[in-house]
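# Structural overview
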Amino acid sequence: MRCQRHESVMIGLTQRDCCQMPNQNEPKLISGNANMPLAKAVARRMTMHRGTAMNLVDARVERFNDAEIFVEVFENVRGEDMYILQSTSNPANDNLMELLIMTDALRRSSAARITAVIPYFGYARQDRRSKARTPITAKLVANMLVEAGVERILTLDLHATQIQGFFDIPVDNLYAAPVFALDVMNEFQGQMSDIMVVSPDVGGVARARDLAQRIGAPLSIVDKRRGKPGEVAEMTVIGDVKDKICLIIDDIVDTAGTLCKAAEVLMENGAREVHSYITHGVLSGPAVERVTKSVMKNLVITDTIEPTPAVSAAPNIRIISTAPIFAQAILNTWNGTSVSSLFNHETLEPVYEGQFRYARA
């Protein structure tokens, strides 16, 4: 029977020896322009984890005068295990096209496997037909990625977990909750009994409950009713938040209007402090100004979307790096070990190398 794993072997090796040969190729990371600081941070973390230098593949992703995207890879990638790090954040269409074109370039250069590492998966909010004659754009994007040649997806906190089913390829959806749990236990040492985890709407209860269970805190819900699209008419707090340190948990903060309003309602209901832990800081339009002027003491986001200068300068916005979790997930995917082990915050603590130090019971 012909060995399918290694079609070309050295003369003198038996067929059995061929199939037992370990994969000697190193994982290779390449990045588009969406979030170059995160890509470089992931490469540094992979270098730390492995003890060998991991640099981004030398390439250029440029635009012609008419804004057409051009990609050129300067290194040999034949037979390599390639990881493209590219969020499809603002400008979403440009960053998505960069990802597709980079994938095509690698596929035509005979890369062995192409994994798209998409820290923020854009278009995920269009995961269903909300009314007549509307698209399901998340499914369209999934089809485009697969057709381009992507063989695996690695992402963080999909807006709707069922989007994994839109793909006919493996999808590893990591979670920010374990990282947030470490941060909460680090930041609120001695105050954990006063913590109340809050979901800003009924749809986010599962995400908030996950964090609440990890840190042993009760759960509350802010029920919002809309008068018309984009406008919240009324908010009601379900649960007793009096004298509690409230942590609002969500996956995306865009214009921050609903988030800031929820913080106000919690304070009106007797909360001592309000903090927010949001995975993806889209923060478009007046968001930063709203957060800065709001009653929220802190808004904690991750770096899945490259922060703007205004976000970085905001006094009450703090950013947690996702480079350690993505670096470890890439290495686990490459060497065939468990990615789901990273769903546990105890497992993640050594990955973050002492960044979070909290007193254990």
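Residues numbered from 1 in each chain as written. Predicted model: local features only at pLDDT ≥ 70, side-chain atom pairs only at ≥ 80, totals over all residues. Heavy atoms only, no water.

### Examining the environment of A310
Mapped onto the secondary structure, A310 falls in helix α9 (residues 309-313). In this structure the C-alpha to C-alpha distance between A310 and L283, which are 27 residues apart in sequence, comes to 9.9 Å. (Helix = DSSP H or I, 4+ residues; strand = E, 2+ residues; numbered from the N terminus.)

### A few points about the packing of helix α5 (residues 177-187) against helix α6 (residues 205-215)
Orientation of α5 relative to α6, taken along the N-to-C sense of each, is 45°, at an axis distance of 10 Å. As summarised for this structure, α5 and α6 are arranged oblique, according to the angle between their axes. For the pair α5 and α6, the crossing hand works out as right-handed. Between α5 and α6, the contacting residues are A177, P178, F180, A181, V184 and M185 on the first element and D210, L211, R214 and I215 on the second. In terms of residue class, the contact of α5 with α6 is made up of 8 nonpolar, no polar and 2 charged. (Axes fitted to C-alpha atoms, helices over the stretch in contact; angles between N-to-C directions. Parallel < 35°, antiparallel > 145°, perpendicular 65-115°, else oblique. Left-handed = near helix turned anticlockwise from the far one by under 90°. Contact = heavy atoms within 4.5 Å. Nonpolar A, V, L, I, M, F, W, Y, C, P; charged D, E, K, R; others polar.)

### Describing the sheet that holds strand β7 (residues 171-174)
Reading across from one edge, β1-β4-β5-β6-β7 is the order of the 5 strands in this open sheet, with parallel pairing throughout. Edge positions in the sheet fall to β1 (27-31) and β7, since each has one partner strand and no second. With strand direction ignored, the average angle separating the axes of adjacent strands in the sheet is 20°. Where strand β5 (residues 113-118) meets strand β6 (residues 152-156), 4 bridges bridge the pair, whose relative direction is parallel. Among the inter-strand pairings, A116 is bridged to a residue of β6, identified as I153. Packed on one face of the sheet, helix α2 (residues 36-50) meets β1 and β4 (81-85) and runs near 165° to β1. (Pairing = 2+ DSSP bridges.)

### Concerning the pairing of β7
Of the two faces of β7, the one carrying V171 and N173 and the one carrying D172 and L174 are both buried. One ladder, built from 4 bridges, connects β6 with β7; its direction is parallel. When the sheet's bridge partners are listed, L154 is paired in β7 with D172. (Buried < 20%, exposed > 50% of the residue type's maximum accessible area, 1.4 Å probe, protein only.)

### A few points about the packing of aromatic side chains
If you walk through the whole model with that rule in mind, you get 4 aromatic pairs. Both rings, one in Y175 and one in F343, keep their centres 5.0 Å apart while their planes meet at 80°; by these two values the pair is edge-to-face. Highlighted residues: Y175 in the loop between β7 and α5 and F343 in the loop between α10 (323-335) and α11 (345-351), separated in sequence by 168 residues. Accessibility expressed as a relative area gives 25% for Y175, which makes it partly exposed. Residue classification places F343 among the partly exposed positions, given a relative accessible area of 28%. (Phe/Tyr/Trp six-rings, centres within 6.5 Å; stacked < 30°, edge-to-face > 60°.)

### As for the nonpolar core
Counting residues in each nonpolar core, the largest one holds 49 residues, and the members touching the most others are V42, L174 and I215. Among the elements that take part in this core, α10 stands out by supplying 8 residues, more than any other. In terms of nonpolar packing, the next biggest core, distinct from the first, is built from 35 residues, I118, A138, L145 and V150 among them. (Core = buried A, V, L, I, M, F, W, Y, C linked by side-chain atoms within 4.5 Å.)

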